[in-house]
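Listed here are the chains, written in short residue letters.
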Amino acid sequence: MRVIKSIRRLLILLGLSLVAGCAGSPSTFAPASTSAAVITDLMIFVFGVAAVVFVIVEGLLLFAILKYRSNVKGRLAKEELPKQVEGNRYFETAWIIAPAIVLIIIFVISVAAFQSIINLPGPSPVAPGSQAPVSIRVVGHQYWWEFEYPDLNISTANEFHIPTNTVIIFALESADVIHSFWVPQLEGKTDVIPGRVNHTWFSVTKPGTYGGQCAEFCGEGHAEMRFTVFAE
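Note that the structure is predicted; figures quoted are calculated from it, not measured. (Residues numbered from 1 in each chain as written. Predicted model: local features only at pLDDT ≥ 70, side-chain atom pairs only at ≥ 80, totals over all residues. Heavy atoms only, no water.)

1. Things to note about the layout of surface pockets
In this model, the second largest pocket occupies a volume close to 250 Å³. Lining the second largest pocket are 16 residues, with Ile117, Ile118, Gly188, Thr190 and Thr200 sitting closest to its centre. Its residues assigned to classes, the lining of the second largest pocket comprises 9 nonpolar, 5 polar and 2 charged. (1 Å grid on protein atoms, 1.4 Å probe; cavity = no way out; pocket = protein on both sides within 12 Å on 5 of 7 lines; lining within 4 Å. Points joined across faces, edges and corners; volume = space filled by probe spheres on them. Nonpolar A, V, L, I, M, F, W, Y, C, P; charged D, E, K, R; others polar.)

2. As for helix H3 (residues 89-118)
Helix length check: H3, at 30 residues, gives a terminal C-alpha distance of 43 Å against a target of 44 Å (1.5 Å per residue), a fit within 8%. Turning to H3, its buried residues number three or more, namely Ile106, Ser110, Ala113 and Ile117. Those residues of H3 hidden inside the fold are in contact with helix H2 (34-67) and strand E8 (198-203). (Helix = DSSP H or I, 4+ residues; strand = E, 2+ residues; numbered from the N terminus. Expected span 1.5 Å × (residues − 1). Buried < 20%, exposed > 50% of the residue type's maximum accessible area, 1.4 Å probe, protein only. Contact = heavy atoms within 4.5 Å.)

3. Some details on the packing of aromatic side chains
In total, this model carries 10 aromatic pairs according to the counting rule given. Taken together, a centroid distance of 5.7 Å and an interplanar angle of 75° make the contact between Trp145 and Phe181 edge-to-face. Here Trp145, found in strand E2 (residues 144-149), pairs with Phe181, found in strand E6 (residues 179-182); they are 36 residues apart in sequence, far enough to count as distant. Here the two residues Trp145 and Phe181 agree in accessibility, since each one is buried. Among the aromatic residues, ring-to-ring pairing joins Trp145, Phe147, Phe160, Phe170, Phe181, Phe202 and Phe227 into one connected group. Of note, Lys189 hangs over the ring of Trp182, and the distance from its end group to the ring centre comes to 4.6 Å. (Phe/Tyr/Trp six-rings, centres within 6.5 Å; stacked < 30°, edge-to-face > 60°. Lys NZ or Arg CZ within 6 Å of the ring centre and 35° of its normal.)

4. Regarding the sheet that holds strand E10 (residues 226-231)
With respect to topology, 5 strands assemble into an open sheet ordered E4-E10-E9-E6-E7, the strand pairing being mixed. Each edge of the open sheet carries a strand with a single partner, namely strand E4 (159-162) and strand E7 (190-192). Here the strands of the sheet are splayed against their neighbours by 25° on average, with no regard to which way each runs. Summarising the sheet, strand E9 (residues 208-214) and E10 pair through 6 bridges and their orientation is antiparallel. Bridge pairing in E10 places Gly212 opposite Phe227. (Pairing = 2+ DSSP bridges. Axes fitted to C-alpha atoms, helices over the stretch in contact; angles between N-to-C directions.)

What follows is the structure, encoded as structure tokens:
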């Protein structure tokens with residue numbers, strides 16, 4: 001009993017520490033841009049499908065365990081044995097086709113979502129009243145971010161300001177090692193690679209302050225490589 005109580009207390013402490021660690025953290029479940037909304041919807045859809053499959057499989061497993069478990073003597077009576085269906089082509093065909101159909105549906109929806117977020121938008125605004133697209137050059141350093149507005153001759157460090165309902169196009173470069181540009185509430189992760197210029201974009205729909213970070217371990221100061229986005 002003491003061991004069980006100790007394990008229970010340990011699990012409670014671990015749970016509380018995990019919950020405390022999430023306080024104030026940016027969440028992908030609170031999207032504030034068109035791109036992030038697509039990612040969140042896709043994530044919820046795939047998780048929902050996986051949850052349904054999990055419940056069905058585990059439910060059948062528990063049913064089989066409880067219904068056909070051994071009796072006191074360690075044996076099952078003949079009348080309790082389930083009907084054997086080994087080699088039943090109808091069952092085997094069904095459990096091959098059903099998962100294939102589910103995977104095809106997930107694939108089609110995922111491709112459509114990816115196409116809507118990876119392709120750079122045209123010059124036209126994405127929403128009524130929006131401004132012309134804004135270009136920002138991003139340079140990752142150990143261990144800070146440089147943001148440059150080429151059209152305005154302005155550079156900032158570890159923060160940048162953008163208008164809402166406007167396409168923001170980023171050109172991502174690295175001055176040293178591989179980094180990863182990520183604002184959980186605004187977009188997915190994009191690698192920042194030395195000698196290469198990667199691009200990403202998003203359009204913020206809600207004014208606010210959003211936290212970003214480097215999502216690729218880049219050295220001892222990686223944990224401090226954060227930045228702030230001000231959408232106004």
